[in-house]
Structures are given as structure tokens and as C-alpha cells.
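# Analysis of the macromolecular model
Okay, here's what each chain looks like letter by letter:
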Amino acid sequence: MELLIQIIFVLISTLILGAAVMVVRTRNVIHSALWLIASFFGIGALYLLLEAEFLAIAQVLIYVGAISVLILFAIMLTHNVTSGEGHKFYQRWWLALLVSLMLFAVILVPTLVGQDWTITARPSEESAIAGAVEMGTAFMREYLLPFEIAAVLLLVALTGAIVIAYEERAQRRRILTLAQELALRKQQQQNHAEE
Amino acid sequence: MDDIVVQVLIMLVQVVVLVLAISTGFAYLTLFERRLLARMQNRVGPNRAGPGGFLQPAADAVKLFFKEDVIPTLVDRGVYLLAPALAVIPALLIWAVIPFGCLNIAGDYQACFADPATNPNLHNIFQLADIDIGVLYLLAITSIGVYGITLAGWASNSKYAMLGGIRASAQLISYELALSSAVLAAVMMAGTLSTHEVIYQQMTMWFVIPQLLGFVLFLISGTAELVRAPFDLVEAEQELTSGYNAEYGSMKFALFFMSEYIKMIAISAIAVTLYLGGWNAPGLELLGSLMTGMAGPLVGSIAVGLASFLVFLVKVVLILFLFVWMRASWPRVRYDKLMYMGWKWLLPLALLNVAMTAVFVVVLPDALIHSVALFVASLVVMAVAYVVSSRVKPAPSRSRIKMVQPEVPRRPSS
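Residues numbered from 1 in each chain as written. Chains lettered and ligands numbered in written order. Predicted model: local features only at pLDDT ≥ 70, side-chain atom pairs only at ≥ 80, totals over all residues. Heavy atoms only, no water.

## A short note on the overall build of chain B
Scanning chain B from terminus to terminus reveals 15 helices and 0 strands. A globule of 414 residues ought to have a C-alpha radius of gyration of about 22 Å, and chain B, at 24 Å, matches this closely. Over its C-alpha atoms, taken along the principal directions, chain B stretches across nearly 85 × 60 × 45 Å. Relative to its full complement of 414 residues, chain B shows a buried share of 49%. Here the analysis covers contacts within chain B between residues at least 6 apart in sequence; of these, 80% occur between residues at least 24 apart. (Helix = DSSP H or I, 4+ residues; strand = E, 2+ residues; numbered from the N terminus. Rg over C-alpha atoms; globule rule 2.2 N^0.38 Å. Buried < 20%, exposed > 50% of the residue type's maximum accessible area, 1.4 Å probe, protein only. Contact = heavy atoms within 4.5 Å.)

As C-alpha cells, this is what we get:
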């Protein structure tokens, strides 16, 4: 049984890492997003292997079901992202490497060093590790403040996005038809070119 | 070791039977829908293949199988081939946690009706996996279903398909919120996320009574989630040929079709499980005790199993009938009105329902009293929403924003 779990763990980790590498390797942005989804899915499977069922399903629900759909949606609605040349990702690879290394040093290394690697006996069957009830009470009692702060942060980000997206249109006095919008866009481009 | 092998074998058999049964169910659902629609529109419908059109699904399947498998030249090949699979797999996965009956293989029918917290030795072979977070699993899997449609639209490299795909993803992520909030209120009533326990909690009263508002919201947003009429803008054939699946043919098209109908059965099954008491019906326990007294515990549990499956089936077919009825009755919603309704009506109402449920359940601890109070409150909210929504015009005509009328060249009057 232990061997089986280890094999599954290796397979899942290979999937996650391979998919993550493919995210940055692929030229096509949509394909990148798809690999990212595969990677998220793998992490969900890893949680499942740790018997954190709630966390696994939440991972799928939030990352695979919501965030990735938004990513895909944003890519599809943005002009010329899907057909542009893919080299842009590689231009500052050293910067990305630096940031990743620093993040690794700041977050992961202290955890790894501080970890006591002696494996204790498995917790008894009764004590659920991360059940829905435990998570709920933790969020609503002990960690209420961080929880609420995160919620406010998300709300601010949402409002900000709407303001940015509608700043120009909100100043207009009326809603334009699609043709008028297009004409306006062309005129703006012409003005821009003349300047 | 043998024990594990036997368990895995049982599970495999369950999975194969379940998938075959669902596929058959899908095939006959298409016939059911076509005949029923025809009936409602004063037509005859398909009645030539077999007695009363009974073999029509088989004929359709054969036709689709033998069509030429065309892959357009400029599609993104990998994603194009992946998309139909991504559409069907979640639709099938949903079924893993839905209990469509209660056949205790241990031969004791009473385990079905006992409190799952105190009586855990129930081995129900009519439910593939009774996991602690079944309802959350349902939501997670439904939310993955968007990918098939979106990616099909993108990979096809065609304007119509792309527009259909974009519309679909916008619609699905908008209505998912209302759907999840409606489900959340039902979960709060039950106090559990396990599907079997949700049904157990409904032994005394179906949740459709206290959660009337939630049930209505669930049905509306469920229809939108299925992209069915009146919310089928994704495949508005007058504007988009057939939307995201325009470039798909033969079996790949059939897979999209299949996923849509399987999801329709699944949403009906979820509605039955969460709101209509699942497989349970009054008198099942009596049947169990009668059969046990007459022919022993095994026969008793088998009788309860089959009867509960039948009850479940009848309830699901009733909801499916409702879906077909809706399709026959209402025209397609305009796109901006769809978004308007999703965000400005369904989501606030769903949130109100959640708040209402929380307050009533906490303030009135007695189950009967808070159920009745919630029922009355639901009726009031629905009445108010109806009155207000019929007064408010969806067009933003109130303030300085004005709609511009396109100038139509006038015809010379003769």
C-alpha cells in the first residue's frame, strides 16, 4: 500500500512539474493556460493523496473551475495575444529566475530547514485533517480577521478593475452602437497616429 | 488482498453499468424530448423507426457513427480533438456521488433509513462513492464543464464557433454563482455536504418546502448552466449557425450533444437529491419491513433498492419534463437581458436566500417552525421580486444614459 502511494505520488508530481514547465515552454498562450490547468489539477490530486478531501475539491472548484476559466476568457478577449510571437516570455528570463530564487529562499528554505523530518505515527482515523467543519470554524473564529481582510482586498481589486475598464465609457453621455464604437476607435487611432 | 480485488471489481462493474445506463438514458431522453416537443407543438415527431419511434435513438447513433470524420484544416488539432472529451468527462463524473436508490448489499434495508452518523455500515451499491463532501464535488465538477465548450469554440478557428464559445463561458461563469448559492442554502438546512446525509435529513420534510426560493433559483440557473432554451444563446442558430460545435461533425458532434443531455439528467438528479428527497418516498420503509417479514432480509433490501430506484427515476423524469416544457414554452432570452437577470436578480436573491436561511435556522431551532417560516418568507420574497421585476424596465433609461436608435431609412409610402 505504501509503495502504491509512493508510485502515485511520483506520477502526480511528475505531472505537476511537467505541466508547469510546459506552461512557460509553449509558444501559444492558450496552450500555456491549458497546461496551467493540468498543473492545478495535479495539485488537487496531491491534496487528495494527503486525504485532505475538502482542500482538493476546493482547489478544483476555485483554481480549475473559476480562475483558469477567467484566464482563458481574458486571453480570448484580448487582441492579438493568441497569434503574437511567443518570444516575449523569454526576454527577461534572468529577472524571473532571480525572483523565483528569492521567493524560494524566503519562503521555502526556512520551512524546509525548520521541519522536523522524523515521521510520527499517522493520526487516528477519527481526527479529520481538514474537514469542511474544521475549516469553517477556523475561518470564522480564529482567522476571522485575515479572512475578512482577504475578502476586502478582493472586493477592492474587483472594483478597481471595473473602474479601469469603464473609465472611458462612463464619461460618455450615452451608449454607442457597435458601429459607432468602431468608428470612434478608428478616429482615436488616427488622432494618435497624427500626433 | 483478495478483499481489495473484490472491492475494485465491484466498483468497476458499477462504473461500467452506470456509464452504459446513463448513455442509454441520454439516447432515450432525446426521443422523449422530441416526442414531447412535437406533442406540444401539434406535430407527430419521430415515429417511424420501431414501434412509436422506439428505435429512433439507435438509428441516430448508427447514422452518427458512420458519418465521415472530418477535421478542418486550420483548427488547432490537439485542442480540437480534446474538447469533446473535456465536455463529456465532467458530465459523466457528476454521477459518482449521486445516490439513485438505496440497495444495501449487506442485506439490511433499515440501514438506508438510519442516521448515517450513528450507523455507518451501509454499503449502498446504488451510489458509487458516498464521500463527505459530495455536494461540493458536484459543484466542482459542474464548474469544469465550461472547458469543453470554450475550448471547442476557440480551437475551431471559426468566428461563429468562437462567439458561441465566448458567450457560453460568460454565461456559465455568471450563473454558476447563483447556482452555488442556491445549493449552499440547501446544504445549510441539512448541515452536511454528504449527498446521502442530505437525503436522510429530508426524511421528515423535503427541502423544496423551506427552500422553495432556492429550488426555483436552482432550476433557473441550472437551465442556464445547461445552456438550454430559453438560455440557449450559445447555439442561437439564427446568429451563430450552431455556435461552439459548428465545426464538429459525426461522433465528435454527438459527444457534445451527449454531454448536454447527460448534464441535463444530472442537474435533474441533483435537484431531486437536494430538494425533492432523493430516492426516498413515504411507504418505502413499510415495503421493506413487509418484504423482510415475507422473504427474508436480502429480498427486503433488494425490494427497497428497486423501489427507491423507481421513485428516483419518476422524480427525475418529472423534472426532465419540466425542462422540455420550458423549452417548448419560452422564446430565447436576449443576451443583455440574460446577463441582467443573472447578476441583478438571481444572484442577489440567492444571497438573500442564504442569509434568510442562516437567520431562520439559528433563531428558530425547531425544524418544523423554521421550515414553515422559511416557506412563507420564500413566497413573500418571490411575490415582491415578481412585482418589482415587472415594474422595472431593464433598459438603463433612468438617468443621462440614452439608447441611440439606429436610423432606419424610411420607405416611400405608396
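## Quick look at helix H15 (residues 367-391) of chain B
Residue and element names in this part refer to chain B. The first and last C-alpha atoms of H15 sit 36 Å apart over 25 residues, in line with the 36 Å expected at 1.5 Å per residue. Buried residues along H15 sit in contact with helix H7 (159-190), helix H9 (212-225) and helix H14 (335-363). Regarding H15, its N-cap is Asp366, as a side-chain oxygen of that residue lies 3.2 Å from the backbone nitrogen of Leu368 further along. (Expected span 1.5 Å × (residues − 1). Polar contact = N/O pair within 3.5 Å; in protein donor to acceptor, adjacent residues only side chain to side chain.)

## A short note on empty space enclosed by the protein
Residue and element names in this part refer to chain B. In total, this model carries 2 cavities of 30 Å³ or more according to the counting rule given. Along the walls of the largest cavity sit Ala87, Gly145, Ile149, Glu225, Leu226, Val227, Tyr244, Phe256, Ser259, Glu260 and Lys263, which together make up its complete lining. At 4 residues, helix H11 (residues 250-275) tops the list of elements feeding residues into the lining of the largest cavity. Taken together, the residues of the lining of the largest cavity break down into 6 nonpolar, 2 polar and 3 charged. (1 Å grid on protein atoms, 1.4 Å probe; cavity = no way out; pocket = protein on both sides within 12 Å on 5 of 7 lines; lining within 4 Å. Points joined across faces, edges and corners; volume = space filled by probe spheres on them. Nonpolar A, V, L, I, M, F, W, Y, C, P; charged D, E, K, R; others polar.)

## Some remarks on the layout of surface pockets
Residue and element names in this part refer to chain B. Its boundaries defined by the atoms lining it, the second largest pocket holds a volume of some 1,000 Å³. As for the second largest pocket, its lining consists of 42 residues, of which Thr30, Arg34, Phe253, Phe257 and Tyr261 are closest to the centre. Counting residues per element, the ones that place at least two in the lining of the second largest pocket are helix H1 (2-40), helix H2 (56-65) and H11. In terms of residue class, the lining of the second largest pocket is built from 22 nonpolar, 7 polar and 13 charged.

## Let's talk about the confidence of the model for chain B
Taken over all residues, the pLDDT of chain B has a mean of 83, while the share at 70 or more is 92%. ipTM for the predicted complex: 0.77, alongside a pTM of 0.82. (pLDDT = per-residue confidence, 0-100.)

## Focus on the pattern of salt bridges
Residue and element names in this part refer to chain B. Going through the model one piece at a time under the given rule, you end up with 5 salt bridges over all chains. Close ionic contact of Arg228 with Glu33 constitutes a salt bridge, the shortest N to O distance being 2.7 Å. Remark: Glu33 occurs in helix H1 and Arg228 occurs in the loop between H9 and helix H10 (237-240); sequence separation between them is 195 residues. Accessibility expressed as a relative area gives 2% for Glu33, which makes it buried. (Salt bridge = Lys/Arg side-chain N within 4 Å of Asp/Glu carboxyl O.)

## Examining the packing of aromatic side chains
Aromatic ring pairs are reported here in terms of the distance separating the ring centres and the angle at which the planes meet. Residues and elements named next belong to chain B. For the structure on display, the rule yields 18 aromatic pairs over all chains. Arranged with centres 5.6 Å apart and planes meeting at 45°, the rings of Phe126 and Phe309 form a pair that is tilted. Here Phe126, found in the loop between helix H4 (110-113) and helix H5 (134-144), pairs with Phe309, found in helix H13 (residues 297-329); they are 183 residues apart in sequence, far enough to count as distant. Overall, the relative accessible area of 15% leaves Phe126 in the buried class. On the basis of relative accessibility, which here comes to 29%, the residue Phe309 falls in the partly exposed class. Measuring from centroid to centroid gives 5.3 Å for Tyr244 and Phe256, while their planes differ by 80°, and the two rings are edge-to-face. In this pair, Tyr244 is assigned in the loop between H10 and H11 and Phe256 in helix H11, connecting sequence segments 12 residues apart. Each member of the pair, Tyr244 as well as Phe256, carries the same accessibility label: buried. (Phe/Tyr/Trp six-rings, centres within 6.5 Å; stacked < 30°, edge-to-face > 60°.)

## Quick look at the side chain of Ser194(B)
Looking at the secondary structure, you find Ser194(B) in the loop between H7 and helix H8 (195-201). With sequence-adjacent residues up to four places away left out, Ser194(B) is seen in contact with Asp130(B), Ile131(B), Asp132(B) and Gly134(B).

## Some words on the nonpolar core
Ranked by size, the top nonpolar core spans 125 residues in total, and within it Trp95(B), Phe218(B), Tyr275(B) and Phe323(B) carry the most contacts. In this view, Phe323(B) contacts Leu219(B), Thr223(B), Leu226(B), Arg228(B), Met264(B), Ile267(B) and Ser268(B); residues no more than four positions away in its chain are not counted. (Core = buried A, V, L, I, M, F, W, Y, C linked by side-chain atoms within 4.5 Å.)

## Points about the packing of H9(B) against H11(B)
Residues and elements named next belong to chain B. For the pair H9 and H11, the least separation of the axes is 11 Å and the interaxial angle reads 170°. Of the possible angle classes, the one that applies to H9 and H11 is roughly antiparallel. Contacts between H9 and H11 involve Gly214, Phe215, Phe218 and Gly222 from the former and Ile267, Ile270, Ala271 and Tyr275 from the latter. Its residues assigned to classes, the contact of H9 with H11 comprises 6 nonpolar, 2 polar and no charged. (Axes fitted to C-alpha atoms, helices over the stretch in contact; angles between N-to-C directions. Parallel < 35°, antiparallel > 145°, perpendicular 65-115°, else oblique.)

## Quick look at unusual backbone geometry
Residue and element names in this part refer to chain B. Despite not being glycine, Asn42 has its phi angle at roughly 60°, a positive value. With respect to the element layout, Asn42 can be found in the loop between H1 and H2. The residue Asn157 is not glycine, and still its phi comes out positive at about 60°. Within the secondary structure, Asn157 sits in the loop between helix H6 (146-155) and H7.

## Description of the packing of helix H2 (residues 29-49) of chain A against helix H3 (residues 53-77) of chain A
Residues and elements named next belong to chain A. Between H2 and H3, the shortest axis-to-axis distance is 8 Å and the interhelical angle comes to 175°. In terms of orientation, H2 and H3 fall into the roughly antiparallel class. The residues of H3 that touch H2, namely those facing Val29, Ile30, Ala33, Leu36, Ile37, Phe40, Phe41, Ile43, Gly44, Tyr47 and Leu48, are Glu53, Leu55, Ala56, Gln59, Tyr63, Val64, Ser68, Ile71, Leu72, Ile75 and Met76. When grouped by side-chain class, the residues that make up the contact of H2 with H3 number 18 nonpolar, 3 polar and 1 charged.

## Let's talk about H14(B)
All names here are of chain B. In this model, H14 (29 residues) spans 41 Å end to end at C-alpha, consistent with the 42 Å of a helix rising 1.5 Å per residue. Maximum bend of H14: about 30°, positioned at Met341. Along H14, the residues that are buried comprise Leu338, Met339, Gly342, Leu346, Leu347, Leu349, Ala350, Asn353, Val354, Met356 and Thr357. Where the residues of H14 are buried, they touch H7, H9 and H15. (Bend = angle between axes of the 7 residues up to and from the residue.)

## Topic: the environment of Pro230(B)
All names here are of chain B. Residue placement: Pro230 occurs in the loop between H9 and H10. On a C-alpha basis, the gap between Pro230 and Arg334 in space is 9.4 Å, while along the polypeptide they are 104 residues apart. When neighbours within four sequence positions are excluded, Pro230 is seen to be in contact with Thr223, Trp330, Pro331, Arg332 and Val333.

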